[in-house]
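Residues per chain are reported as follows:
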Amino acid sequence: VKDETAGWSANRLYSAAKEAMGEGSYEKAVKYFEILEARYPYGRYAQQAQIEIAYAYYKASEPANAISACDRFIKLHPNHPNVDYVYYLKGLVNFNEDLGITGYVSMQDPSERDPKAARESFEAFREMVARFPSSKYAADATARMKYLVNALASHEVHVARYYLKRGAFVAAANRAQFAVRTYLDAPANEEALFIMVKAYDALGLNDLRDD
């Protein structure tokens, strides 16, 4: 198969890849970026191509590939001037992956749903903000962390409520207690405390209930 890109300069490859991105041809964009990186590994475009590959996978809704591209860049270029963006992008990938965290089918057992993506998104944003507090992405990352804390707390309370309804009082109390301890100041914790009271009351643990 004839390689259409044979003899293309780094600049031309980069332009073609960006054009493909603009058209929404993410697979084609990744192909061009990968050729660029392989052919000109030490040029100024190579590192940018690695970031663009992560972004293209994100746009193409391929979270696993996007995350591994982010991780690879962070490992190879921990002091790159744009590494803050790569941490931020890593948080975004998982954030969008689990936006439906609290949208449950009412009959489904919510304890079976693991909000792993939301937790990983939170960790990526937290690391980014801790390392680059003055980054231009820090404010947005912080706002998203706040949303995630609320969503994760709501998930735990949802599970606790499910257990309470089914008379699994110990499990209900444990999940509610976990929410209160782990997600401080989350609005859902008001209900978590109420569930703890009901569960301890049902178990006859009056001291814990009153506490």
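The next thing to look at is the overall build of the chain. Per the secondary structure count, the chain includes ten helices and zero strands. From first element to last, N terminus to C terminus, the chain shows the α and β order α-α-α-α-α-α-α-α-α-α. Among the 211 residues that make up the chain, the fraction classed as buried is 43%. Summarising the internal contacts of the chain: among those between residues at least 6 apart in sequence, 55% fall at separations of at least 24. With the model as given, the accessible surface of the chain reaches about 12,000 Å², and the carbon-plus-sulfur share is 51%.

What follows concerns the nonpolar core. Across soluble globular proteins, nonpolar side chains have a tendency to be buried as a group. Phe33, Leu36, Tyr88 and Phe125 are the most contacted members of the largest nonpolar core, which has 67 residues in total. In terms of residue count, helix H7 (residues 138-165) provides more of this core than any other element does, 13 residues in total.

What follows covers helix H9 (residues 189-203). Over its 15 residues, H9 extends 21 Å from the first C-alpha to the last, a length consistent with the 21 Å expected when each residue adds 1.5 Å. Of the residues making up H9, those classed as buried are Asn189, Ala192, Ile195, Met196, Ala199 and Tyr200. Within H9, the buried residues cover an arc of 125° as seen down the axis, which keeps them to one side.

This next bit is on the confidence of the model for the chain. Across the chain, the average pLDDT comes to 86, with 88% of residues at 70 or higher. For residues 101-107, every residue scores under 50 in pLDDT, and the model assigns this stretch twelve contacts once sequence neighbours within four places are set aside.

A separate point is the packing of H7 against H9. As a packed pair, H7 and H9 sit with axes 9 Å apart at the nearest point and diverge in direction by 25°. What the angle tells us is that H7 and H9 run roughly parallel. Read as a crossing pair, H7 and H9 show a hand that is left-handed. Contacts between H7 and H9 pair Ala153, Val157, Ala160, Arg161 and Leu164 from the former with Asn189, Glu191, Ala192, Ile195, Lys198 and Ala199 from the latter. Its residues placed into classes, the contact of H7 with H9 shows seven nonpolar, one polar and three charged.

What follows concerns unusual backbone geometry. Positive phi outside glycine occurs at serine 61, with the angle close to 55°. Residue placement: serine 61 occurs in the loop between helix H3 (44-59) and helix H4 (63-76).

One pass over the structure, following the stated rule, counts eleven salt bridges. Note that lysine 90 and aspartate 71 form a salt bridge whose closest N and O atoms lie 2.8 Å from each other. Here lysine 90, found in helix H5 (residues 83-97), pairs with aspartate 71, found in helix H4; they are 19 residues apart in sequence, far enough to count as distant. Using a relative accessible area of 33% as the deciding quantity, one classes aspartate 71 as partly exposed. Arginine 144 is the partner of aspartate 140 in a salt bridge, and the nearest nitrogen-oxygen pair spans 2.6 Å. Placement of both aspartate 140 and arginine 144 in helix H7 is noted, with a separation of four residues, approximately one turn of the helix.

Rules behind the numbers
- Residues numbered from 1 in each chain as written.
- Predicted model: local features only at pLDDT ≥ 70, side-chain atom pairs only at ≥ 80, totals over all residues.
- Heavy atoms only, no water.
- Helix = DSSP H or I, 4+ residues; strand = E, 2+ residues; numbered from the N terminus.
- Buried < 20%, exposed > 50% of the residue type's maximum accessible area, 1.4 Å probe, protein only.
- Contact = heavy atoms within 4.5 Å.
- Areas by Shrake-Rupley, 256 points an atom, 1.4 Å probe, with all protein chains shown as cover.
- Core = buried A, V, L, I, M, F, W, Y, C linked by side-chain atoms within 4.5 Å.
- Expected span 1.5 Å × (residues − 1).
- Arc of directions from axis to C-beta.
- pLDDT = per-residue confidence, 0-100.
- Axes fitted to C-alpha atoms, helices over the stretch in contact; angles between N-to-C directions.
- Parallel < 35°, antiparallel > 145°, perpendicular 65-115°, else oblique.
- Left-handed = near helix turned anticlockwise from the far one by under 90°.
- Nonpolar A, V, L, I, M, F, W, Y, C, P; charged D, E, K, R; others polar.
- Salt bridge = Lys/Arg side-chain N within 4 Å of Asp/Glu carboxyl O.

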